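Descriptive analysis of the structure
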Amino acid sequence: MTCDTIKMEISTNPDYVGIIRLATSGVANKVGFSVDEIEDIKVAVSEACTNAIRHSEVNYFLIEFKLLKNGLCIEIKDQGKGYDIDSIEAVDLSNPKEGGLGIYIIKTLMDEVEIDSGDGKGTIIKMTKYLGVDI
């Protein structure tokens, strides 16, 4: 492939999540994912972008697609206020509540997820999906 990284800077306007989903679909299709896998990736990316839009308190964020030989790595980066990762409550599926499921959904749909965040340093959600790996 001539291009192995695609970077986009996106306004924190929630109306643009649809554009991000379209871009994600195109990139994931190019890598070779199935329709079902592409849908999972789009949901995970939407959740990560929604978190940046709702919680970062900045005007824009970055999304980076890294095309791998065996999959796709996507990073959502903002320079917002960040948060304490350890303060995220575990999800209780026997007593579901509205909201607060974004990180759980991302971790469920993707093969690898790393989160780096802290007070004043912003947040990076790095998620990877590999070809041919069933969750």
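This is a predicted model, so every value here is computed, not measured.

**Overview of the nonpolar core**
- Val45, Ile63, Leu72, Ile74, Ile76 and Met127 are the most contacted members of the largest nonpolar core, which totals 30 residues.
- Those elements giving two or more residues to this core turn out to be β1 (5-11), α1 (17-31), α2 (35-55), β2 (60-68), β3 (71-78), α3 (102-109) and β5 (122-130).
- Of all the elements, α2 adds the most residues to this core, at eight residues.
- Discounting residues that sit within four places of it in the chain, isoleucine 76 has contacts with Val45, Ala48, Cys49, Ala52, Phe61, Leu62, Ile63, Thr123, Ile124, Ile125 and Met127.

**Considering the packing of α1 against α2**
- One can describe the packing of α1 onto α2 by two numbers: an axis separation of 9 Å at closest approach and a directional angle of 145 degrees. Seen along the crossing, α1 lies across α2 with a hand that is right-handed. Residue-level inspection shows Val17, Ile20, Arg21, Thr24, Ser25, Ala28 and Asn29 of α1 in contact with α2, the latter providing Ile38, Glu39, Ile41, Lys42, Val43, Val45, Ser46, Cys49, Thr50 and Ile53.
- Looking at the contact of α1 with α2 residue by residue, the classes come out as nine nonpolar, five polar and three charged.

**With respect to unusual backbone geometry**
- Positioned with a positive phi, glutamate 57 is a non-glycine residue whose angle comes to about 60 degrees.
- With respect to the helices, strands and loops of the structure, glutamate 57 is situated in the loop between α2 and β2.
- Judged by its relative accessible area of 64%, glutamate 57 falls in the exposed class.

**Notes on the pattern of salt bridges**
- Inspection of every chain in the model, using the stated rule, returns eight salt bridges.
- Residues lysine 7 and glutamate 64 are paired through a salt bridge, measuring 3.8 Å at the closest nitrogen-oxygen approach. You can see lysine 7 sitting in strand β1 and its partner glutamate 64 sitting in strand β2, a full 57 residues away along the chain.
- Owing to a relative accessible area of 63%, lysine 7 belongs among the exposed residues under this scheme.
- Take glutamate 64: its relative accessible area is 9%, and that puts it in the buried class.
- Of the charged contacts in the structure, one is a salt bridge between aspartate 116 and lysine 121, with a shortest N-O distance of 2.9 Å.
- When its relative accessible area of 47% is taken as the criterion, lysine 121 is described as partly exposed.
- Look at the salt bridges and you will find they share partners, linking Lys7, Glu64, Lys66, Glu75 and Lys77 into a network.

About the cut-offs
- Residues numbered from 1 in each chain as written.
- Predicted model: local features only at pLDDT ≥ 70, side-chain atom pairs only at ≥ 80, totals over all residues.
- Heavy atoms only, no water.
- Core = buried A, V, L, I, M, F, W, Y, C linked by side-chain atoms within 4.5 Å.
- Buried < 20%, exposed > 50% of the residue type's maximum accessible area, 1.4 Å probe, protein only.
- Helix = DSSP H or I, 4+ residues; strand = E, 2+ residues; numbered from the N terminus.
- Contact = heavy atoms within 4.5 Å.
- Axes fitted to C-alpha atoms, helices over the stretch in contact; angles between N-to-C directions.
- Left-handed = near helix turned anticlockwise from the far one by under 90°.
- Nonpolar A, V, L, I, M, F, W, Y, C, P; charged D, E, K, R; others polar.
- Salt bridge = Lys/Arg side-chain N within 4 Å of Asp/Glu carboxyl O.

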